[in-house]
Amino acid sequence: MGVFTIYFFDREGTCLFYHEWSRPKPVKLGAGTPGDDQKMLFGLFFQLKVFAAAMDPKGKPNAQLGAPTRIGESCSFHSFTTDLYKLHFAESPSGLKIVLTTDPTVGDMRESMAYIYSYIYVECVVKNPMYSPGQPFRFETFTTQLNDFIQSLGLLQ
């Protein structure tokens, strides 16, 4: 049981932060470059959000496929599992998207991702006077607290 990677994207798809704990398959054998990897991942969960909203049985009957929806306004997905990994997804009210990849046996990570957003990201990044909103960030306190939290969940080997 373990965690592989975490990504933070802004609402336009820019990867603001990426951290890798364990990656069974190097990027070079998959997407090619880290930038291509990030673009493919953003495109994947963007399309999954669109699909989930389109399939929403309580949604607007004539909603256009792919039309933007407000956060929390329609059906959304939280994770999907393959035989090799599980992708967990969370989105903040400001449009920040957090993607966590783990071993497929890891359970629901929604509460843990909410904690990462509220108590680690907001405290160490948003409140940091060196942070420029919408820009990629690298703050040692953020990375340290993120690692400590993931360790406390027992997800690091």
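Structure's up top.
The structure presented is a predicted model; accordingly, all values stated were derived computationally and were not measured.

Draft legend 1. Region of interest: a nonpolar patch on the surface. Together, Leu44, Leu84 and Tyr85 make up a nonpolar patch on the protein surface, roughly 270 Å² of accessible area in all. The residue Tyr85 is located in the loop between strand S3 (79-81) and strand S4 (86-91) in this model. Among the residues examined, Tyr85 registers a relative accessible area of 30% and is labelled partly exposed.

Draft legend 2. View of the pairing of S4. When you tally the buried positions in S4, you get five out of six residues, the bulk of the element. The sheet contact formed by S3 and S4 spans three bridges and is antiparallel. Of the residues in S4, the one forming a bridge with Thr81 is Lys86. Hairpin remark: S3 followed by S4, antiparallel, with four residues in the connecting loop. Where S4 lies against strand S5 (residues 97-102), six bridges are found, and the strand directions are antiparallel. Opposite Ala90, over in S5, you have Ile98 as the bridge partner. Hairpin remark: S4 followed by S5, antiparallel, with five residues in the connecting loop; positive phi at Gly95, about 95 degrees.

Draft legend 3. View of the packing of helix H2 (residues 110-126) against helix H3 (residues 140-152). Running from N to C, H2 and H3 point in directions that differ by 155 degrees, and their axes come no closer than 9 Å. In terms of orientation, H2 and H3 fall into the roughly antiparallel class. Handedness of the H2/H3 crossing: right-handed. For the pair H2 and H3, contact is made by Ser112, Tyr115, Ile116, Tyr119, Ile120, Tyr121, Cys124 and Val125 and by Thr141, Phe142, Gln145, Leu146, Phe149 and Ile150, respectively.

Draft legend 4. Layout of the packing of aromatic side chains. Taken as a whole and assessed by the stated rule, the structure comprises 17 aromatic pairs. Their ring planes at 75 degrees and their centres at 6.1 Å tell us that Phe8 and Phe137 sit as a pair that is edge-to-face. With Phe8 in strand S1 (residues 3-9) and Phe137 in the loop between H2 and H3, this pair connects stretches of sequence that are 129 residues apart. Like Phe137, Phe8 is buried. An aromatic cluster is defined as three or more aromatic residues linked by ring pairs; in this entry it consists of Phe8, Phe17, Tyr117, Tyr121, Tyr131, Phe137, Phe139 and Phe142.

Draft legend 5. Focus on the environment of Cys124. Position of Cys124 relative to the elements: it lies in helix H2. Among the residues examined, Cys124 registers a relative accessible area of 7% and is labelled buried. Once the C-alpha coordinates of Cys124 and Gln145 are considered, the two residues, 21 residues apart in sequence, prove to be 8.5 Å apart. Dropping the residues within four chain positions of it, Cys124 is found in contact with Phe139, Thr141, Phe142 and Gln145.

Draft legend 6. Spotlight on the pattern of salt bridges. Across all of its chains, the model carries three salt bridges by this definition. A salt bridge links Glu91 to Lys97, with the shortest nitrogen-to-oxygen separation between them at 3.0 Å. Residue class for Glu91 comes out partly exposed when judged on its relative accessible area of 23%. For Lys97, a relative accessible area of 6% gives the class buried. Across the pair Arg110 and Asp108 runs a salt bridge, and its minimum N-O distance is 3.1 Å.

Conventions and cut-offs
Here the residue numbers are simple positions, counted from 1 along each chain's written sequence. Local features in this predicted model are restricted to residues of pLDDT 70 or higher, and side-chain atom pairs are both shown and tallied only at a pLDDT of 80 or more, whereas totals for entire chains, interfaces and linings draw on every residue. Side-chain numbers come from the whole structure's heavy atoms, not from hydrogens or water. Each patch groups residues whose relative accessible area exceeds 30% and which form no salt bridge, using 9 Å between like charges and 5 Å between nonpolar side chains of Val, Leu, Ile, Met, Phe, Trp and Tyr. Using the Shrake-Rupley algorithm and a 1.4 Å probe, accessible areas are obtained, with residue cover drawn only from the displayed protein chains. A pairing counts as a salt bridge when a side-chain nitrogen of Lys or Arg comes within 4 Å of a carboxyl oxygen of Asp or Glu. What counts as a helix is a DSSP run of H or I of at least four residues, what counts as a strand is a run of E of at least two, and both are numbered from the N terminus. Partly exposed residues are those whose accessible area sits between 20% and 50% of the maximum for their type, while under 20% is buried and over 50% is exposed, using a 1.4 Å probe and protein chains only. DSSP-based pairing: two strands are paired if at least 2 bridges between them are found. An axis is simply a line fitted to the C-alpha atoms; with a helix, the fit covers only the stretch in contact. Between two such axes, the angle follows the N-to-C directions and lies from 0 to 180 degrees. Should an angle fall under 35 degrees it is called roughly parallel, over 145 degrees roughly antiparallel, and 65 to 115 degrees roughly perpendicular, with every other angle called oblique. What makes a crossing left-handed is the near helix being turned counterclockwise from the far one by less than a right angle; a clockwise turn instead makes it right-handed. Contacts were defined at the residue level, with two residues in contact if any of their heavy atoms lie within 4.5 Å. Here a Phe, Tyr or Trp ring, Trp counted by its six-membered ring, pairs with any other such ring whose centre lies within 6.5 Å, and the pair is stacked when the planes are under 30 degrees apart, edge-to-face when over 60, and tilted otherwise.

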